[in-house]
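The lines below spell out each chain.
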Amino acid sequence: MITKKLAKSMGLIALSFALLLSLLPTLSAEASPVRGYEEIRNIAYTDPVPSNTRGNLLDLYLPEKPGKSKMPLIIWSSGSAWTADTGKQGVPVDLINYFTNKGYAVAGVSVRSSSQVQFPGQLHDIRSAIRWLRDNADEYNIDPNRFAISGNSSGGWVAAIAATTSNIWEFEGETGVETSSAVQASVPFFPPTDFLLMDKQQEEQGTFFMFSHDAPNSPESMLIGHPIQTVPELTAKANPLTYIDGNMPAMHVFHGGVDPLLPYGQSEILYEAMAAAGNEVQYTFVPNAGHTVGQIVGASDYTAYRTNPGGQEQILDDYSPTWENIEKFINKSLNKAR
């Protein structure tokens, strides 16, 4: 049995790693060709608040030889348990290479950390980034009507809640919005969703976990600004499931069966809620994967589920978790949204 002292030490190790990422030097905006694509770094999509945040920056990856048509866009935000403002870093290299070779633009987007702003600040950030990308789409030959979003862990939460709030023109705390914050497809990797169920799901899952999500110093409590179980109504506002209706962008969720940080039940309830509301949704469960995209993409042991808007569920025997199949899902979803 893991002791409270050991769990706290492990949690501090994880948080220290996230802090190390947040201390990486900030670079000035610059463009450089890299492996078949051009990288444009450190674009400010909104003003920095606080002044030292890097949670207002994004990077763009553009094919060096784009086609004549406007490019679809895939947005990525990396997770840190909301402890870092460097989500634009860590975009999987294989994702960048595969999607730019397929004619997509790729954007790595940072949002602010929970020490800089509490919820809904992070949701405001990603929605602001989406609006900036849409407003400036012509400059980069991007199709403003074909946006997909992805991310891992708390970045998976960003991808999920950006999608489920797509139909909300102005979210609570937003004013003067003139451009849509909607995306047309979403691919969250092991996202936290219903924070209030996490510890219960961990017990039911019965595998090793690093810390309690109900604790006052848990990542979720730090995001909300209170121990989550003491403010259930406020915590529910940070739950992507809260905003699901029958007109959601298509979603494909991924989760590993031995994830030591987030129970796979978090992805299951997202899949089930999307399906129950009549949306196109897929869920791929990888039993031997932990809390890393690299253990999911390319895995040979998996179960893939798809539910169509009519409520019919299929188990997809030959739909392995590869960037190729993820791109096919995104491409189909974006073309439907046209």
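Visitor: Please clarify how helix 8 (residues 265-276) should be interpreted in this entry.
Guide: Between its first and last C-alpha atoms helix 8 spans 16 Å; for 12 residues at 1.5 Å apiece the expected length is 16 Å, and the two agree. Those residues of helix 8 that fall on the buried side of the exposure criterion are Gly265, Gln266, Ser267, Ile269, Leu270, Tyr271, Met274 and Ala275. Immediately beyond the C-terminal end of helix 8, within one or two residues, lies Gly278, with a positive phi of roughly 90°.

Visitor: Could you clarify how one ought to interpret the environment of Ser150 in this entry?
Guide: Structurally, Ser150 can be placed in strand 6 (residues 142-152). Taking the C-alpha atoms as reference, Ser150 lies 7.2 Å from Ile74; in sequence the two are 76 residues apart. For Ser150, the residues in contact, after removing those within four places along its chain, are Ile74, Ile75, Trp76, Ser77, Gly155, Ala159, Val187 and Phe189. Only 2.6 Å separates the side chain of Ser150 from the backbone oxygen of Val187, close enough to count as a polar contact.

Visitor: Would you mind going over the packing of aromatic side chains with me for this structure?
Guide: The way to describe two aromatic rings as a pair is by their centre distance and the angle between their planes. For the structure on display, the rule yields 17 aromatic pairs. Taken together, the ring pairs in this structure connect Trp76, Tyr98, Phe99, Tyr104, Phe189, Phe254 and Trp323 into an aromatic cluster. For the cation-ring pair, Arg134 lies above Phe147, with the distance from its terminal atom to the ring centre recorded as 4.3 Å. Positioned over the ring face of Tyr319 is Arg306, at 5.6 Å from the centre of the ring.

Visitor: What am I meant to see in helix 4 (residues 154-164) here?
Guide: Count 3.6 residues to each turn of an α-helix, and residues three or four apart come out pointing the same way. The buried fraction of helix 4 is high, at 11 of 11 residues. Of all the residues in helix 4, the buried ones are Ser154, Gly155, Gly156, Trp157, Val158, Ala159, Ala160, Ile161, Ala162, Ala163 and Thr164.

Visitor: Even after reading the chapter, I still don't get the nonpolar core, so can you show me in this structure?
Guide: Soluble, globular proteins show a tendency: their nonpolar side chains are buried together. One finds Ile75, Phe119, Ile126, Leu133, Trp157 and Phe195 to be the most contacted residues of the largest nonpolar core, which totals 57 residues. Looking at this core, the element that brings in the most residues is helix 4, giving seven residues. Residues Phe254, Val286, Val297 and Phe329 belong to the second largest nonpolar core, which totals 32 residues.

Visitor: What is the right way to read unusual backbone geometry from this model?
Guide: The bulk of non-glycine residues show a negative phi, and the bulk of peptide bonds are trans. Cis geometry is found at the peptide bond from Val49 to Pro50, where omega equals 5°. For the bond running from Phe119 to Pro120, omega is 15°, close enough to zero to count as cis. Structurally, Pro120 can be placed in the loop between strand 5 (105-109) and helix 3 (121-135). Positive phi, close to 60°, is recorded for Asn42, a residue that is not glycine. Inspection of the secondary structure assignment puts Asn42 in strand 2 (residues 37-44). The exposure class assigned to Asn42 is buried, which follows from its relative accessible area of 11%. With a phi close to 35°, Phe190 is a non-glycine residue in the positive phi region.

Visitor: How do you make sense of the environment of Pro309 when you look at a structure like this?
Guide: Summarising the element assignment, Pro309 is placed in the loop between strand 10 (303-307) and strand 11 (313-316). Between the alpha carbons of Pro309 and Ala250 there is a distance of 9.7 Å; along the sequence they are 59 residues apart. Residues within four places of Pro309 in sequence aside, it is in contact with Gly278, Asn279 and Glu280.

Visitor: Even after reading the chapter, I still don't get the pattern of salt bridges, so can you show me in this structure?
Guide: Between side chains of opposite charge, pairing is possible as soon as their charged atoms come close. Within the structure shown, the criterion is met by 10 salt bridges. The salt bridge partner of Glu174 is Arg127, with a shortest N-O separation of 2.9 Å. Here Glu174, found in the loop between helix 4 and strand 7 (185-189), pairs with Arg127, found in helix 3; they are 47 residues apart in sequence, far enough to count as distant. Residue Arg127 is classed as buried on the basis of its relative accessible area, which comes to 0%. Of the charged contacts, one joins Glu324 and Lys328 as a salt bridge, the two residues approaching to 3.6 Å between their closest N and O atoms. Here Lys328 and Glu324 lie together in helix 9 (residues 323-337), a separation of four residues that amounts to about one turn. Among the residues examined, Glu324 registers a relative accessible area of 41% and is labelled partly exposed. Within the structure, one salt-bridge network assembled from shared partners comprises Arg127, Arg131 and Glu174.

Visitor: How should I be thinking about the pairing of strand 8 (residues 250-256) in this particular structure?
Guide: Regular strands have side chains that alternate between both faces of the sheet. Where burial is concerned, most of strand 8 is hidden: seven out of the seven residues are buried. Alternating positions in strand 8 separate into two faces, Ala250, His252, Phe254 and Gly256 on one and Met251, Val253 and His255 on the other, with burial throughout. Pairing of strand 7 with strand 8, which is carried by three bridges, proceeds in the parallel orientation. From the neighbouring strand, Ala185 faces strand 8, where its bridge partner is Ala250. With six bridges connecting them, strand 8 and strand 9 (residues 281-286) associate as parallel partners. Counterpart to His255 in the pairing with strand 9 is Phe285. In this fold, the crossover linking strand 8 to strand 9 by way of helix 8 has right-handed handedness.

About the cut-offs
- Residues numbered from 1 in each chain as written.
- Predicted model: local features only at pLDDT ≥ 70, side-chain atom pairs only at ≥ 80, totals over all residues.
- Heavy atoms only, no water.
- Helix = DSSP H or I, 4+ residues; strand = E, 2+ residues; numbered from the N terminus.
- Expected span 1.5 Å × (residues − 1).
- Buried < 20%, exposed > 50% of the residue type's maximum accessible area, 1.4 Å probe, protein only.
- Contact = heavy atoms within 4.5 Å.
- Polar contact = N/O pair within 3.5 Å; in protein donor to acceptor, adjacent residues only side chain to side chain.
- Phe/Tyr/Trp six-rings, centres within 6.5 Å; stacked < 30°, edge-to-face > 60°.
- Lys NZ or Arg CZ within 6 Å of the ring centre and 35° of its normal.
- Core = buried A, V, L, I, M, F, W, Y, C linked by side-chain atoms within 4.5 Å.
- Salt bridge = Lys/Arg side-chain N within 4 Å of Asp/Glu carboxyl O.
- Pairing = 2+ DSSP bridges.
- Right-handed = clockwise from strand over helix to strand, strands pointing away.

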